[in-house]
Amino acid sequence: MADRFEEDELLQMAIHMSLHTSPPDPKLSKPREGCSVIEESPEAREQRALRAAAAERRMMSSGRTASFIASPNAAGKGVIASSGGVEVAVEEGVSVITSSEERREAGCVPVLEEALPLEVAEKLFYMVFGSDVSRDILGQWSNQGIRFSSDPETSMGLVQHEGGPCGVLATIQAYVLKYLLFFLNELSKSTPSILIQNIWSWRFVRRSPITSGDFASVSVDEKRRALVLSMVEILFLCGKKKRAVVATLNVPSHLLKDEPDFGHKDEMISKALEGLTIESASDLQRILKIKEYTSQLSAFLELMELVPVFQSRMGAMLFLMSALLSRGLDLIQADRDDPTLPLVTAPFGHASQEIVNLLLCGQAAPNVFDGRMDLGGGMFLNGIPDKVEIGFLSLLESLNFCNVGQNLKHPRWPIWVVGSDSHYTVLFSPDISVQDENEYEERESKIRRAFNAQDQSGGGGFVSIEGLHQVLHETNINFPPEKLESLCSVGFIVWSEFLQDLLELDKDLGGLKDSSGMMGWKRFDIYHFNGIAKSVSSGNQKPRLCKLRVSVPPKWSPEDFMATSGPSDEPGGRGQGKGEVSQAEPPQYAPLVDCIRTRWPRAVCNWVGDSPSIV
């Protein structure tokens, strides 16, 4: 016990000195006569001794000897020393111990590890925070870990304590839900290599094996695997599926890897971070080190060991830096419409749309429409290039401030990050069939895609008269001459007004009116998760999971729906056709309903208890 206590003290001191001690002053180190080796300063020598002592204790406790055979490492910046299947990469006084036998069996490849160069740190810092960032914003981003809720009802959710990083947390949360909802069996039964082999090619399943009431049954290990798979998927997406860069704390890796107790690692890192602040690029450079991976399996195995680092109060910022470096800073700037603006927005420090889009599609596109918009004269606006795994819905679209394209509205999985003017949350369904389109929705989606293709307003949701005629031609819509003249009377056509006219135009003429009432009914359940700790009716401060019952009538307004009895269906199912008739519940309203209506127009929602909050 005494040895363990003494060892822990050495580990904590080494971590603390790694993070808090400035690089030794070159003036303190003088070369010996006739020798090109630079003598270490007292501070560096003490730090190295602490690391060596901790490493030696680790090796002695595991029965490994300290006789090593050295050879140049992959980076050419140190040596690889091996003994008993253990490799120690010695670089700038830092020893990294890994099991070479396990990694060879797993087919892993060598990892390039280095300190973050100062010039890269400066570019990264100013790209993210700008030149006039407040201490409050820096504090928000350096005090938010990636941690699961301890509340059984929301145990699948990541908890947010600080404002600002919600865009990063909500997007990671959305990916985590993908694995927990649709691949829980694989998480518990498959080997890491099988999980990684299938990360980009999962087959669709029709219904999740889990419902909201079962999240408490998910094990800690299953959640950890879901989190790490999500991180790997996002980072390799940013790296064009070819590479990922992981930014971690600049501490000796073996101090974290050899400790089997995650709680003990957590405690050591928390103590080491006490009093540490990030106020400049030099601070960022001092605390970060980066590793580049070309093997997803290598990244997965490494990140499984580094979970406590990302759970620490630096976790959200570390992951953001990892995503940016995986994409490449030059490419990030090329993705953006205005690269002079910081990615973290003033005055509240929120993640910009570029950050959220980077994590969703691998590019820091500033817009949410589909594809690329040509403004003429060689000027373009970048949107979402392809279909995505996880979608996005925006309250701003309901206010006509933007136009979310079909790529984000129709993701591969029924999971959406929801953006308001100040916060990001997550909307999801355990039933993938909620994305299935009936005849009515297919027709509406086709018309909307044609309309969006002609929208040159930067996402404003309107087209020119010429654009309208192109839409009508492509979708075989035949408006009566007087209606067409009325539509074009002001020189441009707004989508909401155009859709209203389509609802009044018979489907035989290309419209959406169906006198039979049999086209367009849908009923399903959907869930909303807000990770920020908020007050609820019980008086507690905790994240909130809310179940909503959604009914989508074939009428434009909720008033029309309330006057018409809809078809009944099993809870969570889709109602189509006449079926049995039941009295509808009075609709409830919250701003989230406006977001849902951007995906399912005319949706009417009901829930039990507190209203779902998107702020």
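Residues numbered from 1 in each chain as written. Predicted model: local features only at pLDDT ≥ 70, side-chain atom pairs only at ≥ 80, totals over all residues. Heavy atoms only, no water.

A. Broad picture of the overall build of the chain. Looking only at helices and strands, the chain features 25 helices and 21 strands. A separation threshold of at least 6 residues defines the contact pool for the chain, and within that pool the share at least 24 residues apart is 68%. If you sum the accessible surface of the chain, you get close to 26,900 Å²; carbon and sulfur atoms cover 51% of it. (Helix = DSSP H or I, 4+ residues; strand = E, 2+ residues; numbered from the N terminus. Contact = heavy atoms within 4.5 Å. Areas by Shrake-Rupley, 256 points an atom, 1.4 Å probe, with all protein chains shown as cover.)

B. Layout of the environment of Met-317. Assignment of secondary structure puts Met-317 in helix 15 (residues 315-327). What makes Met-317 buried here is its relative accessible area of 1%. Aside from chain neighbours lying at most four places away, what touches Met-317 is Phe-129, Trp-141, Ile-278 and Leu-284. (Buried < 20%, exposed > 50% of the residue type's maximum accessible area, 1.4 Å probe, protein only.)

C. Focus on the packing of aromatic side chains. What the rule picks out here adds up to 14 aromatic pairs. A ring pair is formed by Trp-495 and Phe-498, whose centres lie 6.0 Å apart and whose planes are at 65 degrees; its orientation type is edge-to-face. Of this pair, Trp-495 and Phe-498 are both found in helix 23 (residues 495-503), three residues apart, which corresponds to roughly one turn of the helix. Residue classification places Trp-495 among the buried residues on the basis of a relative accessible area of 10%. Three or more aromatic residues joined by ring pairs make a cluster, and in this case those are Tyr-179, Phe-182, Phe-183 and Trp-413. It is Arg-372 that lies over the ring of Phe-380; its NZ or CZ is 4.1 Å from the centre. (Phe/Tyr/Trp six-rings, centres within 6.5 Å; stacked < 30°, edge-to-face > 60°. Lys NZ or Arg CZ within 6 Å of the ring centre and 35° of its normal.)

D. Geometry of the environment of Ser-230. Along the polypeptide, Ser-230 turns up in helix 9 (residues 220-238). By relative accessible area, which is 0% here, Ser-230 ends up buried. If we ignore the near neighbours within four places in the chain, the residues touching Ser-230 are Ile-172, Tyr-175, Val-176 and Tyr-179.

E. Spatial organisation of the packing of helix 9 against helix 13 (residues 296-305). In contact at an axis separation of 9 Å, helix 9 and helix 13 are set at 135 degrees when each is read in the N-to-C sense. Comparing their axes, helix 13 and helix 9 come out oblique. Every pair of crossing elements has a handedness; the one defined by helix 9 and helix 13 is right-handed. From helix 9, Asp-221, Arg-224, Arg-225, Val-228, Leu-229, Met-231, Val-232 and Phe-236 reach across to helix 13, where they touch Gln-296, Ala-299, Phe-300, Leu-303 and Met-304. (Axes fitted to C-alpha atoms, helices over the stretch in contact; angles between N-to-C directions. Parallel < 35°, antiparallel > 145°, perpendicular 65-115°, else oblique. Left-handed = near helix turned anticlockwise from the far one by under 90°.)

F. Inspection of helix 13 at higher detail. Of all ten residues in helix 13, eight are buried; the element is thus mostly enclosed. Where helix 13 starts, the residue carrying a side-chain oxygen 3.3 Å from the main-chain nitrogen of Leu-297 turns out to be Ser-295. (Polar contact = N/O pair within 3.5 Å; in protein donor to acceptor, adjacent residues only side chain to side chain.)

G. Quick look at the nonpolar core. One finds Phe-129, Phe-310, Phe-319 and Phe-428 to be the most contacted residues of the largest nonpolar core, which totals 109 residues. Element by element, the count of residues in this core is highest for helix 6 (residues 166-182), at 13 residues. Residues Cys-546, Ala-590, Leu-592 and Trp-607 belong to the second largest nonpolar core, which totals 22 residues. (Core = buried A, V, L, I, M, F, W, Y, C linked by side-chain atoms within 4.5 Å.)

H. Fine view of unusual backbone geometry. The step from Ala-346 to Pro-347 runs through a cis peptide bond, and the omega angle for that step is 0 degrees. Examined against the element boundaries, Pro-347 turns out to sit in the loop between strand 8 (344-345) and strand 9 (350-351). In this model, Lys-241 sits at a positive phi of 65 degrees, which is unusual for a non-glycine residue. Under the relative-accessibility criterion, Lys-241 is labelled partly exposed at 48%. The backbone phi angle of Asn-476 is positive, close to 55 degrees, even though this residue is not glycine. You can see Asn-476 is positioned in the loop between helix 21 (465-475) and helix 22 (481-487).

I. Highlighting the environment of Ile-146. Note on placement: Ile-146 falls in the loop between helix 5 (135-141) and helix 6. For Ile-146 and Phe-310, which are 164 residues apart along the polypeptide, the C-alpha to C-alpha distance reads 5.8 Å. Other than its neighbours up to four places away in sequence, Ile-146 contacts Leu-158, Leu-169, Ile-172, Leu-227, Phe-310, Gln-311, Ser-312, Gly-315, Ala-316 and Phe-319.

J. Molecular detail of the pattern of salt bridges. Counting across every chain of the model gives 18 salt bridges. For Arg-286, the salt bridge is made with Asp-283, and the minimal N-O distance between the two is 3.1 Å. With Arg-286 and Asp-283 both in helix 12 (residues 281-287), this residue pair falls three residues apart, about one helical turn. Classification of Asp-283 by relative accessible area gives buried; the value is 13%. Ionic pairing is found between Lys-291 and Glu-302, a salt bridge with its closest N-O pair at 2.4 Å. Linking Lys-291 in strand 7 (residues 288-293) with Glu-302 in helix 13, this pair joins segments that are eleven residues apart in sequence. (Salt bridge = Lys/Arg side-chain N within 4 Å of Asp/Glu carboxyl O.)

K. Spotlight on the pairing of strand 12 (residues 391-394). Residues of strand 12 alternate between two faces, with Gly-391 and Leu-393 on one and Phe-392 and Ser-394 on the opposite face, all of them buried. As judged from the four bridges shared by strand 12 and strand 13 (residues 415-419), these two strands associate in the parallel manner. Directly across from Leu-393, in strand 13, lies its bridge partner Val-418. (Pairing = 2+ DSSP bridges.)

L. Quick peek at the side chain of Thr-154. The topology assignment puts Thr-154 in the loop between helix 5 and helix 6. A relative accessible area of 0% means that Thr-154 is categorised as buried.

M. Representation of the packing of helix 15 against helix 17 (residues 353-361) within the structure. For the pair helix 15 and helix 17, interaxial distance at closest approach is 11 Å and the crossing angle is 70 degrees. Taken as axis vectors, helix 15 and helix 17 run roughly perpendicular relative to one another. Considering how the two elements wind past one another, helix 15 and helix 17 form a crossing that is left-handed. Contact with helix 15, carried on its side by Phe-319, Leu-320, Ala-323, Leu-324 and Arg-327, involves Ile-355, Leu-358 and Leu-359 of helix 17 and no other residues of that element.

N. Representation of the side chain of His-423 in the model. Its place among the elements puts His-423 in the loop between strand 13 and strand 14 (424-428). Among the residues examined, His-423 registers a relative accessible area of 4% and is labelled buried. Here His-423 is in contact with Gln-160, Cys-166, Val-418, Asn-530, Ile-532, Ile-614 and Val-615, once residues within four sequence places are set aside.

O. Here's a closer look at helix 9. Helix length check: helix 9 (19 residues) gives 27 Å between terminal C-alpha atoms against 27 Å at 1.5 Å per residue, within 8%. By the criterion of burial, helix 9 is predominantly enclosed, with 17 of the 19 residues buried. Just past helix 9, the residue Lys-240 takes up positive phi, approximately 60 degrees. (Expected span 1.5 Å × (residues − 1).)

P. Representation of a nonpolar patch on the surface. On the surface, a nonpolar cluster with roughly 310 Å² of combined accessible area is contributed by Leu-396, Leu-399 and Phe-401. Checked against the element boundaries, Phe-401 lands in the loop between helix 18 (395-398) and helix 19 (406-409). A residue is classified by how much of its surface remains accessible, and Phe-401, at 61% relative accessible area, is exposed. (Patch = residues over 30% accessible without salt bridge, like charges linked within 9 Å, V, L, I, M, F, W, Y side chains within 5 Å.)

Q. Looking closely at the confidence of the model for the chain. Residues of the chain with pLDDT of at least 70 account for 70%, and the chain-wide mean is 78. Low pLDDT (under 50) marks residues 561-583, which in the prediction has 46 contacts with non-local residues, meaning those over four places away or in another chain. (pLDDT = per-residue confidence, 0-100.)

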